[in-house]
Amino acid sequence: MSYRAEQYLSLPKQNQDNYIKGKTETEKRDLFREILYNGVHGFCFSLYEDGQKPGDIISEEQVRRRMEILKPHTSWVRSFSCTEGNEHIPKIAKEFGMKTLVGAWLGDDPEINEREVEGLIKLAKEGFVDIAAVGNEVMYRKDLSEDELLDFINRVKKEIPEIPVGYVDAYYEFTIKPRITEACDVILANCYPFWESCPAENSLNYMKQMYEQAKQAANGKPVIISETGWPSKGEELKGDFPSEKNALDYFISTQLWCMDEEIDCFYFSSFDESWKIGPEGEVGAHWGIWDKHEKLKY
């Protein structure tokens, strides 16, 4: 997800988060390590090393090396595509005893869309998919019409009726696109206070509002936070500051809140990826808990 000019929620007047209140930086880093080594629900899998980008073919060995780093710290992994080496992600995750949220990347190229959907169905039928995601922010990018996306969702549901099928987009899309919400078995909501210019000190409360809006739209269906995070470096965004301090605070607060509320959450992201400087500016390359050299930041 990238910058959105609109601010969809009203900012809370004060931060009500007590998870990090009064803690020193040393205490917060200790708490971070405790959370990480006890294990979080899920991470979004970062596939690309320096010099790589979407469109490159990624090896099984590279996926395996990064999966070995993640394995002690999470029980779920989310992937974004079913081609170009991304298909290795759920296979290796299953080999390591992890669960998978597997996505088919849909865009404006019909041939690629067909390969992605067929790849998702194949992986699911082979037993590598626990939750299937048909598309990621397609409505936001306007790559497909609502009817075209619904056709893909319904096709996948018909092919793999025993597996929950959803669609990933910003939390508010499930309010304004009720037909898509109705078609999904599970609501996969991206919640990014940073991209809506929410100050770091209010970010957890803002994220709670995002989740609650998606939950109301879901009308009883399960809601998963499919992405949330905070960048550790990069450009300021209308009063939002990427920094290691803010990223660390956000990780701790969101993880502890999700644990308290028993909310499934996939943190974005696992590793920094340099290619994202292109679409998102410098800030895009610094969302990982591990840096681009696969070293833990905190």
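Keep in mind that what you see is a predicted model, and the values were worked out from it rather than measured.

### A short note on the overall build of the protein chain
No. 1: Of the regular secondary structure elements, the protein chain holds 11 helices and eight strands.
No. 2: Computed over the C-alpha atoms, the radius of gyration of the protein chain is 18 Å, within 12% of the 19 Å expected from 2.2 N^0.38 for a compact globule of 298 residues.
No. 3: Along the first, second and third principal axes, the C-alpha atoms of the protein chain reach 50 × 40 × 35 Å.
No. 4: Within the protein chain, the proportion of its 298 residues that are buried is 56%.
No. 5: Sequence-distant contacts, at least 24 apart, represent 71% of the contacts inside the protein chain between residues at least 6 apart.
No. 6: Surface exposure of the protein chain reaches about 12,700 Å², of which carbon and sulfur atoms provide 49%.
No. 7: The protein chain carries 36 positive and 54 negative side-chain charges, and their two centres are separated by 2 Å.

### Structural notes on the packing of helix 4 (residues 110–125) against helix 6 (residues 146–159)
No. 1: Interaxial distance between helix 4 and helix 6 falls to 10 Å at its minimum, and their mutual angle equals 25 degrees. Classified by the angle their axes make, helix 4 and helix 6 are roughly parallel. Classified by chirality, the crossing of helix 6 by helix 4 is right-handed. On helix 6, the residues that touch Asn113, Glu114, Val117, Glu118, Leu120, Ile121 and Lys125 of helix 4 are Phe152, Arg155, Val156 and Glu159.
No. 2: Taken together, the residues of the contact of helix 4 with helix 6 sort by class into five nonpolar, one polar and five charged.

### What about the nonpolar core?
No. 1: Membership of the largest hydrophobic core comes to 98 residues, with the highest contact counts inside it found for Phe43, Met67, Leu120, Tyr167, Ile225 and Phe251.
No. 2: Broken down by element, this core gets its largest block of residues, eight residues, from helix 10 (residues 244–261).

### Thoughts on helix 3 (residues 88–95)
No. 1: Turning to helix 3, its buried residues number three or more, namely His88, Ile89, Pro90, Ile92 and Ala93.
No. 2: Tucked inside the fold, the buried residues of helix 3 contact helix 2 (60–70), strand 2 (74–79), strand 3 (99–104) and helix 4.
No. 3: Taken from the residues just after helix 3, Gly97 is the one with a positive phi, measuring 85 degrees.

### Quick notes on the sheet that holds strand 4 (residues 131–136)
No. 1: Ordered in space as 1-2-3-4-5-6-7-8, the eight strands form a closed barrel in which the pairing is parallel. Averaged over all neighbouring strand pairs, the angle between strand axes comes to 25 degrees, with direction disregarded.
No. 2: Examined bridge by bridge, strand 7 (residues 223–228) and strand 8 (residues 265–267) share two bridges and lie parallel to one another. Paired with Thr228 across the two strands is Tyr267, which belongs to strand 8.
No. 3: Against the sheet, helix 3 makes contact with strand 2 and strand 3, and its axis sits at roughly 175 degrees relative to strand 3, the strand it touches most.

### Side note on the packing of helix 9 (residues 203–218) against helix 10
No. 1: At a minimum axis separation of 10 Å, helix 9 and helix 10 run at an interaxial angle of 40 degrees. Relative to helix 10, helix 9 is oriented oblique. As for how helix 9 packs across helix 10, the hand of that crossing is right-handed. Note on element contacts: helix 10 touches helix 9 through Tyr250, Ser253, Thr254 and Trp257, opposite Ser203, Leu204, Met207, Lys208 and Tyr211.
No. 2: Along the lines of polarity and charge, the residues of the contact of helix 9 with helix 10 split into five nonpolar, three polar and one charged.

### Side note on the pairing of strand 4
No. 1: The buried fraction of strand 4 amounts to six of the six residues, a majority that puts the element mostly inside the structure.
No. 2: As defined by bridge partners, strand 3 adjoins strand 4 across four bridges and the pair is classed as parallel. Note on strand 4: the bridge partner recorded for Val102 is Ala132.
No. 3: One crossover worth recording links strand 3 to the parallel strand 4 by way of helix 4, and it is right-handed.
No. 4: Sheet topology places strand 4 next to strand 5 (residues 165–170); three bridges connect them, and they run parallel. The residue of strand 5 that forms the bridge with Ala133 is Gly166.

### Section: unusual backbone geometry
No. 1: Omega for the peptide link from Phe268 to Ser269 comes to 15 degrees, which places this bond in the cis form.
No. 2: Tracing the backbone shows Ser269 in the loop between strand 8 and helix 11 (277–280).
No. 3: Non-glycine residue Asn219 carries a positive phi angle of around 55 degrees.
No. 4: The class for Asn219 is exposed, based on a relative accessible area of 69%.
No. 5: Its identity as a non-glycine residue notwithstanding, Glu262 has a phi of 55 degrees, on the positive side.
No. 6: Among the secondary structure elements, Glu262 is positioned in the loop between helix 10 and strand 8.
No. 7: The exposed category is assigned to Glu262, whose relative accessible area is 73%.

Rules of the game
- Residues numbered from 1 in each chain as written.
- Predicted model: local features only at pLDDT ≥ 70, side-chain atom pairs only at ≥ 80, totals over all residues.
- Heavy atoms only, no water.
- Helix = DSSP H or I, 4+ residues; strand = E, 2+ residues; numbered from the N terminus.
- Rg over C-alpha atoms; globule rule 2.2 N^0.38 Å.
- Buried < 20%, exposed > 50% of the residue type's maximum accessible area, 1.4 Å probe, protein only.
- Contact = heavy atoms within 4.5 Å.
- Areas by Shrake-Rupley, 256 points an atom, 1.4 Å probe, with all protein chains shown as cover.
- Lys, Arg positive; Asp, Glu negative; His and termini not counted.
- Charge placed at Lys NZ, Arg CZ, Asp CG, Glu CD.
- Axes fitted to C-alpha atoms, helices over the stretch in contact; angles between N-to-C directions.
- Parallel < 35°, antiparallel > 145°, perpendicular 65-115°, else oblique.
- Left-handed = near helix turned anticlockwise from the far one by under 90°.
- Nonpolar A, V, L, I, M, F, W, Y, C, P; charged D, E, K, R; others polar.
- Core = buried A, V, L, I, M, F, W, Y, C linked by side-chain atoms within 4.5 Å.
- Pairing = 2+ DSSP bridges.
- Right-handed = clockwise from strand over helix to strand, strands pointing away.

Nothing here speaks to function; it is all geometry.
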